[in-house]
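# Per-entry structural report
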Amino acid sequence: MDNLFVGQVIGAGLVLCSLLWLVVARVRIPEGAPPGSFGWPLLGETLDYLSWRCKGGSAAFFNDRRKRTHILFSPTVVILGADAHKLLQNDGYKSLTFGHSQTLQDLFGEKSLILTEADQHKRIRKAIMGPMNWKSLKSQIPTLKELSIETLKTWEGKEVSAMKELAKFTFYSILGLLLSLKPSPYTETLRQNFDILAKDGTNSLQLKIPGTKYSRALQARKRLVDGIKLVLDDRRKNGKPSEDFLDHLMQPREVSGSDLHLSDEEIIDNILFFIFAGYETTSTALARIIQLLADHPHELNLVKAEQKGVLQELGDEGCLTWEKLKGMHYTSMVINEALRLSHLGTDVFLRTSKQDIVFHGYTIPKGWNIMIDKATTDINPEIFKEPMKFKPARFQKKLPPYVFMPFGGGTRICAGMEFANLEMLVFIHTLINNYSWRLIQKNNDKVDFTGVIQKPKNGIPIFVQRISE
Ligand code: HEM
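For the structure given in this document, a descriptive report is provided here. Bear in mind that the values here come from a model prediction, so they are computed numbers and not experimental data.

### So, the overall build of the protein chain
Within the protein chain, the regular secondary structure consists of 18 helices and 14 strands. Counting over 469 residues, the protein chain shows a buried share of 49%. Contacts in the protein chain between residues far apart in sequence, at least 24 positions, make up 73% of those at least 6 positions apart. Accessible surface computed for the protein chain: about 23,300 Å², of which carbon and sulfur atoms make up 57%.

### Focus on the pattern of salt bridges
Across all of its chains, the model carries 22 salt bridges by this definition. Salt-bridge contacts for Asp264 lead to Arg236; the nearest nitrogen and oxygen are separated by 2.8 Å. With Asp264 in helix H13 (residues 264-295) and Arg236 in helix H11 (residues 213-238), this pair connects stretches of sequence that are 28 residues apart. Its relative accessible area of 45% is what places Arg236 among the partly exposed residues.

### Concerning the environment of Ser173
On the secondary structure map, Ser173 appears in helix H9 (residues 162-179). Ser173 sits 29 residues away from Leu144 along the chain, and the two C-alpha atoms are 6.5 Å apart. The residues contacting Ser173, other than those within four sequence positions of it, are Leu144, Leu147, Phe419 and Glu423.

### Observations regarding the site of the ligand
Around the ligand there are 24 residues in total, and His121, Arg125, Arg351, Arg412 and Cys414 lie nearest to it. Within the side chain of His121, an N or O atom sits 2.7 Å from an oxygen atom of the ligand. A distance of 2.9 Å separates an oxygen atom of the ligand from a polar atom in the side chain of Arg412. Residue assignment for the shell around the ligand shows that the elements contributing at least two residues are helix H6 (118-129), H13, strand S7 (348-353) and helix H18 (417-434). The element that contributes the greatest number of residues to the shell around the ligand is H13, accounting for six residues.

### Re the sheet that holds strand S14 (residues 461-466)
Sheet architecture is open: three strands sit in the order S4-S14-S11, paired in antiparallel fashion. Strands with a single pairing partner mark the edges of an open sheet, and in this sheet they are strand S4 (158-161) and strand S11 (435-439). Sheet twist, expressed as the mean angle between neighbouring strand axes with direction ignored, is 35°. Contacting S11 and S14, H13 runs over the sheet at an angle of about 85° to S11.

### Some details on the packing of aromatic side chains
Counted by the stated rule, this structure contains 14 aromatic pairs. When the centroid spacing of 5.6 Å and the interplanar angle of 80° are considered together, the rings of Phe171 and Tyr172 count as edge-to-face. Here Tyr172 falls in the buried class, since its relative accessible area comes to 9%. Each member of the aromatic cluster is reached from another via a ring pair, and the members are Phe171, Tyr172, Phe194 and Tyr279. In this structure, Arg340 is placed above the aromatic ring of Phe384, and the distance from its NZ or CZ to the ring centre is 4.9 Å.

### Regarding a nonpolar patch on the surface
On the surface, a cluster of nonpolar side chains totalling about 260 Å² of accessible area is made up of Leu43, Leu47 and Leu50. Inspection of the secondary structure assignment puts Leu50 in helix H2 (residues 46-56). Take Leu50: its relative accessible area is 38%, and that puts it in the partly exposed class.

### A word on the nonpolar core
Phe194, Trp437 and Ile462 are the most contacted members of the largest nonpolar core, which totals 104 residues. No other element matches H13, which puts 17 residues into this core. When near neighbours in sequence (up to four residues on either side) are disregarded, Ile462 contacts Trp155, Lys158, Glu159, Val160, Ala162, Ile290, Trp437, Arg438, Leu439 and Ile440. In this structure, Ile79, Leu88, Trp368 and Met405 belong to the second largest nonpolar core, which totals 16 residues.

Cut-offs used in this document
- Residues numbered from 1 in each chain as written.
- Predicted model: local features only at pLDDT ≥ 70, side-chain atom pairs only at ≥ 80, totals over all residues.
- Heavy atoms only, no water.
- Helix = DSSP H or I, 4+ residues; strand = E, 2+ residues; numbered from the N terminus.
- Buried < 20%, exposed > 50% of the residue type's maximum accessible area, 1.4 Å probe, protein only.
- Contact = heavy atoms within 4.5 Å.
- Areas by Shrake-Rupley, 256 points an atom, 1.4 Å probe, with all protein chains shown as cover.
- Salt bridge = Lys/Arg side-chain N within 4 Å of Asp/Glu carboxyl O.
- Near = heavy atom within 4 Å.
- Polar contact = N/O pair within 3.5 Å; in protein donor to acceptor, adjacent residues only side chain to side chain.
- Pairing = 2+ DSSP bridges.
- Axes fitted to C-alpha atoms, helices over the stretch in contact; angles between N-to-C directions.
- Phe/Tyr/Trp six-rings, centres within 6.5 Å; stacked < 30°, edge-to-face > 60°.
- Lys NZ or Arg CZ within 6 Å of the ring centre and 35° of its normal.
- Patch = residues over 30% accessible without salt bridge, like charges linked within 9 Å, V, L, I, M, F, W, Y side chains within 5 Å.
- Core = buried A, V, L, I, M, F, W, Y, C linked by side-chain atoms within 4.5 Å.

Structure (structure tokens):
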């Protein structure tokens, strides 16, 4: 009897909530808003979305959806294709904002690029981007070459997890770029702390209770912040310039009247966020390239031929140059094709509308979330014939504008795009000219969709051998 009563009360409560929801939702859907369904009361279509992500990525969810939905407690509009990318590219700071995320703020700090908006974002980006273009990055080529050689030496004659080992390579590449730090027991501790920050912090409930994964991540952040502060203090005391990213950020500067001087908080938050943004994105891209080339001998031979040509042109003592890297056309197409197939930076660009936006005849109301679904465009058969096949040569032809944006676009285009390309080209050059490898597990394309980046589940185990002279 008691149970029946409790059941009735819960049932009535649910009906009341649903009715309230319907009323509120109805009131909130302005005329001209895109068609679609808000799904269940409160939860909307969140569970559906999450389950699609775990099963096969969000592309499958979006394909099955109409334009309006309700995810993570917010009305959301899904848009895709060249026009959606064009909006992202050309909006400036007018109608799209990144939106606030408490988790990102806790983990990377409120001054990190990702959390800043409009003028503040513009100022920090201007202050930061100086050392991030191809010309300034040239000085990184010898360091990246040395790191590639040292990394690959540890793989010789062994079975290794490409994902795990490349994560070390990309971590130390970024640490070299940002802080001029080389691999050592100290930097290995930094890496372990960073893994706790990024993995535990982004894959857990936001519970700041001692013992939880989230609070472990926050403690790791504190240790990392203290470590970076030590480097900063040391630079100020010694006054010895390293001419790296940190030195650049520490210079008080003014450009065309705007004050580009960064506070210590701004410097530290952005160093942490740069490591996060450039660490597993690039290592996963390289691991996927290794996997795809092992599975496609014809394409592998074309990369080999190109890289052998570069080596011959360089001669015995020749150093890899910026011009030579820029001339690696086929290898660059392989990188693009791997990025297209793997949606590494992100499968959706998440934004919030700052004002009503008219898109394809519908009005996206102010304050709604917008998911610009990049993954579906990456495999659109009208743009990429046989989209699931690995065909780097497809990039020989000029693509229509706005269809392929692996590094995003507009005001928030990837700040490390040039560095990522440089890093990947140097590593591939060193690998291909000195080593051969085979996959330990064939036909294992299972992907882990649960994290921020979609990663091959098996870590891509490979057996690596040095090519005899
Ligand atoms: C293959 C490697 C990489 C891929 C595919 C990639 C992709 C992306 C994408 C798609 C965005 C834009 C996200 C959005 O608009 O919502 C982005 C932003 C960003 N990336 Fe990358 N990235 C890569 C490597 C790197 C590296 C190596 C660094 C740093 C050294 C880096 C630093 C950043 C930063 C700081 C942002 C935020 C920019 C801003 O908000 O102004 N990324 N990246």
